[in-house]
Each structure stands twice: as C-alpha cells, then as structure tokens.
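# Inside the fold
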Amino acid sequence: MAQNPMRHRVLALYKELHRLGRDYPDPSYDFNGRMRKMFEKNRNLTDPEQIEKAYNLGQYIKNETLALYSLRKYRHLKRMYGDSSRSSTDDPPS
C-alpha cells in the first residue's frame with residue numbers, strides 16, 4: 001500500500017509548525033491552537049490544487065514565524081551588546 005507523498009510533506013510541515021509554536025513570543029495568540037484548527041479545517045481537501053495551495057500557505061506561515069524569531073534574537077543581541085558599528089574613533093573630537 002503506497003502512501004501519498006503529499007501526506008508526508010503535510011505531516012512534516014505540521015510537526016515543524018508545532019515545534020515552532022512552542023516558542024511563540026505571544027502566549028495569548030495560541031499559535032498551536034490556531035495552527036491545529038487550520039489543519040483540521042483543510043483535512044478533507046481532495047483537489048490536489050487546493051491541497052498544494054493550503055500547503056504553500058503553511059510554508060509561508062513557517063517562514064514568517066522563523067523570520068519573527070530571527071528578528072527577536074537580533075533585537076535581543078542588539079540590546080545586550082549595543083550598536084558596535086560606531087566605535088570611539090568615529091566620534092568627532094570636542
């Protein structure tokens with residue numbers, strides 16, 4: 001019995017999103033709950049075109065969430081270490 005390869009891709013995406021949702025910065029947003037509802041809503045899709053469209057939306061959400069995490073890390077590092085692009089030699093003499 002051969003499994004549908006798209007099913008494996010969708011399940012892998014679900015797992016990735018679930019892992020990303022653990023660290024979502026706003027706990028009141030309920031990232032994992034919303035993600036689960038989205039996947040349950042699209043559970044009965046049969047048209048390959050619609051399935052691909054829903055999968056691409058999930059990929060987009062994953063990429064945007066990763067970008068949000070990268071931005072959060074960058075802001076944290078910038079707060080911790082300041083702006084290192086300006087050195088004391090760049091300051092004009094008084």
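Note that the structure is predicted; figures quoted are calculated from it, not measured. (Residues numbered from 1 in each chain as written. Predicted model: local features only at pLDDT ≥ 70, side-chain atom pairs only at ≥ 80, totals over all residues. Heavy atoms only, no water.)

## A word on the nonpolar core
Under the convention used in this document: In this description, a nonpolar core means a group of buried Ala, Val, Leu, Ile, Met, Phe, Trp, Tyr and Cys residues linked to one another through side-chain atoms lying within 4.5 Å. When accessible area is computed with a 1.4 Å probe and restricted to protein chains, residues below 20% of their type maximum are described as buried, those above 50% as exposed, and intermediate ones as partly exposed. Residues count as neighbours in contact if any of their non-hydrogen atoms are within 4.5 Å of one another.
With eight residues, the main nonpolar core is built from Met 6, Leu 13, Leu 17, Leu 20, Phe 31, Met 35, Tyr 55 and Tyr 69. Residues within four places of Tyr 69 in sequence aside, it is in contact with Leu 20, Gly 21, Asp 23, Tyr 24 and Pro 25.

## Focus on helix H2 (residues 31–41)
Test applied: Secondary structure counts use DSSP, requiring at least four H or I residues in a row for a helix and at least two E residues in a row for a strand, with both numbered from the N terminus.
The complete set of buried residues in H2 reads Phe 31, Gly 33, Met 35 and Met 38. Contact partners of the buried residues in H2: helix H1 (5–21) and helix H3 (48–81).

## A closer look at the side chain of Lys 62
Position of Lys 62 relative to the elements: it lies in helix H3. With a relative accessible area of 13%, Lys 62 lands in the buried category. With sequence-adjacent residues up to four places away left out, Lys 62 is seen in contact with Leu 13, Glu 16, Leu 17 and Leu 20.

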